[in-house]
Structures are given as C-alpha cells and as structure tokens.
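Structural features, examined
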Amino acid sequence: MKIAVLGASTTKFGELWDQSPRVLAKKAVFEAISKSGLGTRDIEAIFVGNMLSGILGGQENLGPLFADELGIFCPAFKIEGACASGGLAAHNAINSILGGQYKTVAVLGIEKMTDHKPEEVASGLMAAGADEEREAGATFVSLYALMARAHMEAYGTTEREMAAVSVKNHFHASLNERAQFNKLVSLEQVLSSPKIADPLKLMDCSPVSDGASAIVISHDRFTGKVIDPVWIVASSVATDTLALSQREDLTSLRAVRLAAENAYKAAGVSPSDVDVAEVHDCFSIAEIIACEDLGFFGRGKAAREIANGKTKLGKGRPVINPSGGLKACGHPVGATGVKQIVEIATQLRGEADERQVKKAKIGLTHNVGGSGAIAVIHILRS
Amino acid sequence: MISPVKVWRHQKEIASYFGKEGKIISWTLIRVPPEGFINEAPYPIVLVKLSDKRRIIAQLIDWQKENLRIGQKVKAVYRRTRQPDSEGVIPYGIKFTPL
C-alpha cells in the first residue's frame, strides 16, 4: 500500500487555556491543508481522533462539530481508542482511501485536558481501563508502575535508566518550538521529582496537555500540486486483553509486537532499517518497552542503550522521539497519534530544522491505548 | 453515579474470590489517586496470582513496608472499595491482606 501524506501540521502543545478545541482544530487542519497545496473543497471526509470530549467536556458528535467549524460539510467521524485514538483515526482514514470510498481526507487528532481537575482527568483516562482496575483505585501511571516493577525484576532495569529517557526527550523538545516543555532537565531533577506511583516519579510521566494535529492524506495515484509527498507504507492495528492482570508477561506489550510484525511485513522493512521513530512514551518505562517490542534492541537491553545515548539526536540510530515524545512535547491524548505522523513526515521531508535526523528515509510511529490493550503502528518512507 | 444494578451484578462475580490466597507478582504505591479515592492515598495496589491461577489487581490493606515485595503471600478479603456519591450504594469488592 502507498498513501501520500500531502500536508501535516500540529499546534503548539501545552496548557492552552485561551484556546478552545474549535480554535485548535482550525489551526491544525487549515495549516495541513495549506501545506498540501489543496483547498478545503478537496477534502472528502474528516476523521477525528479524540478520547475524552464526552467524559470531560460533555461534548460528543465531534464529526459534525468540527466539519461545521471548518466549514467543510463532508462525511465526518469520531474515532476512539483511548490514547491511540489519533493513530486509529489515521488507520481508518487510510482504509477509507484504500477501500476506494474517498480520494483525499483529513485526519484531526485533538484533546482538551487542562480545563479540568487532575483527579477528573485521571478518572476520565481510566475509562480506557478495566472494571477491576477502576475498583482498585488504579491510575494509568500505577498500571505502568506495575510493568516497571516487573521489568526491573526481570532485567535489572534501574530508576536511573528510566530517568534517562525523560532527560533525552526533554533535550529533543528543547529543539521543538511547538513542544509543551522547552527546558532541559537533569537526571537528578528527574530522580528527585515527587513520586506518583512507585517507582515512577512526576518526571517519568507525560503531562496533561491541550493540542491538535492534522494530516491531509490521499491515494497514491492522486496528482495534486505536491511534487514530493511522504508515503505511508504500512498501517497496522492489534489488540490485547483490556485488563493488565490478564497478560502473561508484564514486561512486553503483545499488541505492539503483533502490530509491528504486520507493519514491518507490509512495508518490507526490518527494525534495523528505521532511521527515526516516534514512540508512545506516556511513561519512561513505556519507551523502554517500546524499543524492545519494536525490535530496535533485544529484550531487557533497551534501558541501557537509551541511557548510553543510542537513541539521541546526533548520537545514534534510530533516533527515538525527536519531537520530545509524549513526555516533553506533551500528550493531548487524541492528538498524539496524529502528531507522531506529523513529526515523522516532517523529518522525512527534511524540514525539522534543528532537530532534523540526518538522511532520514524510513520512519515509524508507535501509538498505544490503555495499558497496551490496543496498538497502532505506521511506517513512512520519503 | 455507579449504577446500583451494576454493583448488584458485580457482587455475584466477586464472591468466588473470597478467602482465596495468592502471591504478589508486582506492586506500586499510589500517591496521586483518582476521584473516589482521594482520602485513601497513599495506598498500594498489587497484581496477585491466586493459587487457582487467576490473576487480579486490587488494593493491599493492613500492610507494612516489608509486605511491599514481589512474592509476598496475600489473602483476598471483602471491603468497601471507593467513596460512594451521595445517592449511590456503597460499593464493596476485593482487597488483599498480607499473610
């Protein structure tokens, strides 16, 4: 398969109290359309990735809401898959083109989180979990803390190695003006930040964020004004048990391994071919597990490699999370999966300025929902 | 509000856990709780493998620091789980106590 990314854009992520979801959506989608060289009349459908609009904002029916706001009255849909909503919206948009229904569509990932109290957001996010987890008073950070503890026990992974993930991602975000955090942090700062759910600390965690990201994609046969698109060559989704307790192995996500295997096969590439990847580092341990599940490093080996700088811009390959990742670029949950594609498309076009990964030809995005119940992998080529 | 009907349905399932023993596979100590658990933090949650092979996540109660370890033996007990809202029924469920 080959789907052209004609335009890609993201708003700044952060605590955007003065901007409504409507404003954010407009900014992201109109900039993506403008970059594509097309007009709004060329957009035949809109796929909206969002998780929390109903729970936090009391607003559903997002398809027509954003179609109305954008003034593009075409078929429009909300796609929900917890923190993988953005990636899942892209997957469905791609399928709609491959199925021959539409030629050119827009994918919008959007979330508005900072209007609400932290405990409301924590409870809202737990809608992606299982009954037993809500009953226990679990939060997402606590579920990943259970995985972190198991990873430490199995492979000797240390809190210091986990902290190194956050340090690296803050460095990358310092080169990204649209990131939520532009400041460097030290290992000591991460290690001494308040504990949220042991062994994970505040600075192991991605923040609560607002933001929107959009892409305009089209069939490969489309001959628009764009001369040099980036191509999506694989889009793969897999699921696993909703409850973390039902997984045989806490140190790896089966949904990611399955989706990655199918994506590599479809794209005809292997993990060692990947130059740059945006992975779902909702917590530092998640990036370590992602790098192992995606085959970049062997099981139990990623923490040391990351701590040694193997995935840092200008130091190694593949470069992981040049945008700053969820940790430092921010994590408006519905937007994240789309932002990852925006970042990889920007990298493969060679338009990432200071944070450009040199000679990047093949990129990957890894978007996860729940504690690993759903995973979406995209592979892109220049 | 948690539907009373849902609470009633749930009770039929959780009775099968009463008194079951097992071991902690992984644990964490929650310091920043979600709604409904604000007064209880910090509290540990544990992933337990029961002797009948079932696995479940629940809170650990009556704990000391030395109980927070992988391999700790625990027993399932029946306790109030979260703060009910003003009109809801009081939800009960499984928690674990160290052995």
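Numbers given for residues are sequential positions, taken from 1 along each chain in its written order. In the order they appear in the text, chains get letters beginning with A and ligands get numbers beginning with 1. In view of the model being predicted, local features appear only for residues whose pLDDT reaches at least 70, and side-chain atom pairs are presented and counted only at 80 or more, with totals across whole chains, interfaces and linings using the full set of residues. Only hydrogens and water are removed before side-chain values are computed, so all heavy atoms of the structure are retained for them.

Next up on the list: the overall build of chain A. Summing up its helical and strand segments, chain A has 14 helices and 12 strands in all. For the radius of gyration, the atoms used are the C-alpha atoms, and the globule rule reads 2.2 Å times the number of residues raised to 0.38. The C-alpha radius of gyration of chain A comes to 19 Å, within 12% of the 21 Å expected for a compact globule of 382 residues. Principal-axis analysis of the C-alpha atoms gives chain A an extent of 55 × 45 × 40 Å. Relative accessibility under 20% of the residue-type maximum defines a buried residue, over 50% an exposed one, and the middle range a partly exposed one, all with a 1.4 Å probe and only protein chains included. Expressed as a percentage of its 382 residues, the buried residues of chain A come to 65%. By definition, any uninterrupted DSSP run of H or I lasting at least four residues is a helix, any uninterrupted run of E lasting at least two residues is a strand, and each is numbered from the N terminus.

Let us now look at the environment of Thr 241 of chain A. Residues and elements named next belong to chain A. Examined against the element boundaries, Thr 241 turns out to sit in the loop between β8 (230-239) and α10 (254-267). Looking at Thr 241, the relative accessible area reads 25%, which means it is partly exposed. Along the chain, Thr 241 and Gly 370 lie 129 residues apart, while their C-alpha atoms are 9.9 Å from each other. Side-chain polar atoms of Thr 241 contact the backbone oxygen of Ala 243, separated by 2.9 Å. Here a polar contact is recorded for every N or O atom pair within 3.5 Å, except that within protein the pair must consist of a potential hydrogen donor and a potential acceptor, and residues adjacent in sequence are included only if both atoms are side-chain atoms.

Take the packing of aromatic side chains next. Paired rings are identified among Phe, Tyr and Trp, the last through its six-membered ring, by centres lying within 6.5 Å, and are further divided according to the angle between planes into stacked (under 30 degrees), edge-to-face (over 60) and tilted (the rest). Overall, the coordinates contain five aromatic pairs over all chains when judged by the stated rule. Residues Phe 18 of chain B and Tyr 78 of chain B carry aromatic rings whose centres are separated by 4.7 Å and whose planes lie at 55° to one another, so their mutual orientation is tilted. Linking Phe 18 of chain B in the loop between α1 (4-14) and β1 (21-30) with Tyr 78 of chain B in strand β4 (residues 73-80), this pair joins segments that are 60 residues apart in sequence. For a lysine, the NZ atom is tested; for an arginine, the CZ atom; a charge sits over a ring if that atom is within 6 Å of the ring centre and within 35 degrees of the ring normal. Over the aromatic face of Trp 27 of chain B sits the side chain of Arg 149 of chain A, whose NZ or CZ is 3.8 Å from the ring centroid.

Attention now goes to the pattern of salt bridges. Salt bridges are defined as contacts in which a side-chain nitrogen from Lys or Arg sits within 4 Å of a carboxyl oxygen from Asp or Glu. Here the structure, examined in full by the defined rule, presents 25 salt bridges over all chains. In this structure, Arg 304 of chain A engages Glu 161 of chain A in a salt bridge whose closest nitrogen and oxygen atoms are separated by 3.1 Å. In this pair, Arg 304 of chain A sits in helix α12 (residues 302-307) while Glu 161 of chain A sits in helix α8 (residues 159-173), placing the two residues 143 residues apart along the sequence. With relative accessibility at 12%, the residue Glu 161 of chain A sits in the buried group. For Arg 55 of chain B, the salt bridge identified is with Glu 248 of chain A, shortest N-O distance 3.8 Å. Within this pair, whereas Arg 55 of chain B is found in strand β3 (residues 55-60), its partner Glu 248 of chain A is found in the loop between β8 and α10, the two belonging to separate chains. Among the residues examined, Glu 248 of chain A registers a relative accessible area of 73% and is labelled exposed. A cluster of three or more residues bridged by salt bridges with shared partners is formed by Arg 22, Lys 26 and Glu 69 of chain A.

Attention shifts here to a negative patch on the surface. All names here are of chain A. Patch criteria: residues need more than 30% relative accessible area and no salt bridge. Like-charged residues are merged within 9 Å; nonpolar side chains of Val, Leu, Ile, Met, Phe, Trp and Tyr are merged within 5 Å. Residue burial considers only the protein chains on display, and all accessible areas are found by Shrake-Rupley using a 1.4 Å probe. Under the counting rule used here, the positive set is Lys and Arg, the negative set is Asp and Glu, and His together with the chain ends is not counted. The atoms used to mark charge sites are NZ of Lys, CZ of Arg, CG of Asp and CD of Glu. A contiguous patch of negative charge on the surface is contributed by Glu 177, Asp 228, Glu 351, Asp 353 and Glu 354. Take Glu 177: it is sitting in the loop between α8 and α9 (187-191). Take Glu 177: its relative accessible area is 66%, and that puts it in the exposed class.

Across the contact, 28 residues belong to chain B and 30 residues belong to chain A. Carbon and sulfur atoms make up 56% of the area that chain B and chain A hide from each other, which totals about 2,500 Å². Counting the surface chain B buries against chain A, the share from its top three residues, Glu 35, Arg 55 and Ile 57 of chain B, is 26%. The tally of links from chain B across to chain A stands at three salt bridges. For the side of chain B that touches chain A, the secondary structure elements donating two or more residues are α1, β1, β2 (43-50), β3 and β5 (92-98) of chain B. With six residues, β1 of chain B is the single largest residue contributor to the side of chain B that touches chain A. Across the side of chain B that touches chain A, the residue classes tally to 17 nonpolar, six polar and five charged. When checking whether two residues touch, look at their non-hydrogen atoms; a contact exists if any pair is within 4.5 Å. Simply put, the buried area is the total loss of 1.4 Å probe accessible area from both parts when two parts are fitted together. For this classification, Asp, Glu, Lys and Arg are treated as charged, while Ala, Val, Leu, Ile, Met, Phe, Trp, Tyr, Cys and Pro are nonpolar and the rest, including Gly, are polar.

All names here are of chain A. One fewer than the residue count of a helix, multiplied by 1.5 Å, yields its expected span. With 16 residues, helix α7 (residues 140-155) extends 22 Å between its outermost C-alpha atoms, agreeing within 8% with the 22 Å of an ideal straight helix rising 1.5 Å per residue. Extensive coverage of α7 is indicated by the burial of 13 of its 16 residues. Gly 156 sits one or two residues past α7 and shows a positive phi near 70°.

On to the sheet that holds strand β3 (residues 76-79) of chain A, then. All names here are of chain A. Strand order in the open sheet formed by 10 strands is β3-β2-β4-β7-β1-β8-β12-β11-β9-β10, and the pairing between neighbours is mixed. The open sheet has two edge strands, β3 and β10 (319-320), and neither has a second partner. When DSSP locates at least two bridges between a pair of strands, those strands are taken to pair. Taken together, the three bridges between strand β1 (residues 3-10) and β8 define a ladder with antiparallel strand orientation. Bridging from a neighbouring strand, Ala 4 pairs with Trp 231 of β8. On top of the sheet, helix α3 (residues 62-70) reaches β2 (46-49), β3 and β4 (104-111); it is set at about 130° to β3, its chief contact. Comment: axis = line fitted to C-alpha atoms, over the contacting stretch for helices; angle = value between 0 and 180 degrees taken between N-to-C directions.

This part is about the domain arrangement of chain A. Residue and element names in this part refer to chain A. Where each domain begins and ends follows an automated or database-derived domain assignment. Segmenting chain A into domains produces domain 1 (3-117 + 209-219) and domain 2 (139-204 + 231-381). Once you take the C-alpha centre of each, domain 1 and domain 2 turn out to be 23 Å apart. Domain 1 puts 43 residues into the contact, and the matching count from domain 2 is 33 residues. Here domain 1 meets domain 2 over a buried area of about 2,700 Å², counting both sides, of which 66% is carbon and sulfur. Taken as a group, Val 5, Phe 13 and Cys 83 account for 23% of the area that domain 1 buries against domain 2, more than any other trio of residues on that side. The interface formed by domain 1 and domain 2 contains one salt bridge. For Arg 178, the salt bridge is made with Glu 31, and the minimal N-O distance between the two is 3.2 Å. Counting the contacts that link domain 1 with domain 2 gives 14 residue pairs in polar contact (both at pLDDT 80 or more). Secondary-structure elements contributing two or more residues to the side of domain 1 that touches domain 2 are β1, α4 (85-98), β4 and β7 (211-219). Counting residues per element, the side of domain 1 that touches domain 2 draws most heavily on β1, at eight residues. Across the side of domain 1 that touches domain 2, the residue classes tally to 22 nonpolar, 16 polar and five charged.

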